[in-house]
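An overview of the molecular structure
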Amino acid sequence: MKTRLVVTGTDTGIGKTIFSAALTDALDGCYWKPVQSGLDEETDSETVGRLGRLPSDRILPEAYRLATPASPHLSARIDGVTLRPEGLLPPAVDRPLVIEGAGGLLVPLTERTVFADVFALWQIPVVLCARTGLGTINHTLLSLEALRRRAIPILGVAFIGDAQEDSEAIISRLGAVRRLGRLPRLEALTPDRLRQAFAENFNIADFREVPA
Ligand SMILES: Nc1ncnc2c1ncn2[C@@H]1O[C@H](COP(=O)(O)OP(=O)(O)OP(=O)(O)O)[C@@H](O)[C@H]1O
Ligand SMILES: [Mg+2]
């Protein structure tokens, strides 16, 4: 079995897609976004393909493409789609697979199921993306509690943003979690710059050694 990882975050808009592009590129893997809400702007799959310079066959089709940019449970209701979380299964591929959830862990897919419930069924190790800025300690520790409560395996935390050594250290200590690295905020978000920043700040072996 190849490496499979779930990339989740403490919130929406914190940089999961940018991180996933760099990680998929570094692993020479495939990317899958199970549920995409909002199709007017560049989708997460398109961003990963562009920034990770991935051929189109490495971007696996989304299980649900919802037009309305909202929480999936609401997007689905507005779009008239019935979302079936139990049917969401990671595609079988012969390369490492990076899976990006929508928003954060407790984002609802339906009126009874949140994303973390699906991750718990999968039992695929999670990389928790967290900001370095103010508020991150609380959000990150809460997310770690939600993961542990569901017995979801945790690979570690990937920080995103400007250096805040004390925040990273206290999260690692109180959350008893591994710091995988920190992706700095990049002024020019180009494929080359992203690849370089990932290589400088993360050790790809940390992600490869994960038992599938
Ligand atoms: N390391 C970075 N350097 C510069 N800009 C970044 C970085 N990471 C994220 N951004 C910017 O922040 C915004 C949000 O990032 P991104 O789309 O990756 O968030 P997300 O967590 O995937 O959000 P969603 O929950 O909608 O999937 C984007 O405009 C992106 O370009
Ligand atoms: Mg995203």
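Preceding this paragraph is the structure being described.
What counts, and where the lines are drawn
- Residues numbered from 1 in each chain as written.
- Chains lettered and ligands numbered in written order.
- Predicted model: local features only at pLDDT ≥ 70, side-chain atom pairs only at ≥ 80, totals over all residues.
- Heavy atoms only, no water.
- Salt bridge = Lys/Arg side-chain N within 4 Å of Asp/Glu carboxyl O.
- Helix = DSSP H or I, 4+ residues; strand = E, 2+ residues; numbered from the N terminus.
- Buried < 20%, exposed > 50% of the residue type's maximum accessible area, 1.4 Å probe, protein only.
- Core = buried A, V, L, I, M, F, W, Y, C linked by side-chain atoms within 4.5 Å.
- Contact = heavy atoms within 4.5 Å.
- Phe/Tyr/Trp six-rings, centres within 6.5 Å; stacked < 30°, edge-to-face > 60°.
- Donors = N, O, S within 2.8 Å, 3.2 Å for Na, K, Ca; no water.
- Near = heavy atom within 4 Å.
- Polar contact = N/O pair within 3.5 Å; in protein donor to acceptor, adjacent residues only side chain to side chain.
- Areas by Shrake-Rupley, 256 points an atom, 1.4 Å probe, with all protein chains shown as cover.
- Nonpolar A, V, L, I, M, F, W, Y, C, P; charged D, E, K, R; others polar.

**Thoughts on the pattern of salt bridges**
Evaluated as defined, the whole model comprises 14 salt bridges. The closest approach of N and O atoms between arginine 95 and aspartate 28, which form a salt bridge, is 3.6 Å. Separated by 67 residues along the polypeptide, arginine 95 in the loop between helix 3 (72–79) and strand 6 (97–100) and aspartate 28 in the loop between helix 1 (16–27) and strand 2 (30–32) bring together distant segments of the chain. With a relative accessible area of 29%, arginine 95 lands in the partly exposed category.

**Looking at the nonpolar core**
A general trend in soluble globular proteins is that nonpolar side chains are found buried together. In terms of nonpolar packing, the biggest core is built from 34 residues, with Val35 and Trp122 touching the most fellow members. Looking at this core element by element, the count peaks at six residues for helix 4 (residues 115–122). For tryptophan 122, the residues in contact, after removing those within four places along its chain, are Val6, Trp32, Pro34, Leu88, Leu89, Pro90 and Ile99. In terms of nonpolar packing, the next biggest core, distinct from the first, is built from 27 residues, Ala21, Ala22, Cys129 and Ala197 among them.

**Some details on the packing of aromatic side chains**
Counted according to the given criterion, the structure contains nine aromatic pairs. Taken together, a centroid distance of 5.9 Å and an interplanar angle of 35° make the contact between tryptophan 32 and tryptophan 122 tilted. Within this pair, whereas tryptophan 32 is found in strand 2, its partner tryptophan 122 is found in helix 4, the two being separated by 90 residues in sequence. Pair check on accessibility: tryptophan 32 and tryptophan 122 agree, each one buried. Judged by centre distance (5.9 Å) and plane angle (45°), the rings of phenylalanine 198 and phenylalanine 207 are tilted. We classify phenylalanine 198 as buried; its relative accessible area is 3%. The rings of Phe19, Phe198, Phe202 and Phe207 are connected pair by pair, giving a single aromatic cluster.

**A look at the coordination of the magnesium ion (ligand 2)**
Tetrahedral coordination by four donors sets the ideal angle at the metal to 109.5 degrees; octahedral coordination by six donors sets it to 90 or 180 degrees. Listed as protein donors to the magnesium ion (ligand 2) are Thr17 (OG1), Asp44 (OD) and Glu100 (OE); their distances from the metal cover 2.0 to 2.2 Å. Counting gaps between the donor residues of the magnesium ion (ligand 2) yields the pattern T-x26-D-x55-E. Note that threonine 17 is positioned in helix 1 and glutamate 100 in strand 6, a separation of 83 residues in sequence. Just as threonine 17 is buried, glutamate 100 falls in that class too.

**A closer look at the site of ligand 1**
Within the structure, ligand 1 sits among 16 residues, and Thr12, Gly13, Lys16, Thr17 and Leu186 are positioned closest to it. Between glycine 15 and ligand 1, the recorded distance is 3.0 Å, taken from a backbone N or O atom to an oxygen atom. In the complex, the protein chains occlude 74% of the 630 Å² of accessible area that ligand 1 would expose alone. The class makeup of the residues in the shell around ligand 1 is six nonpolar, five polar and five charged.

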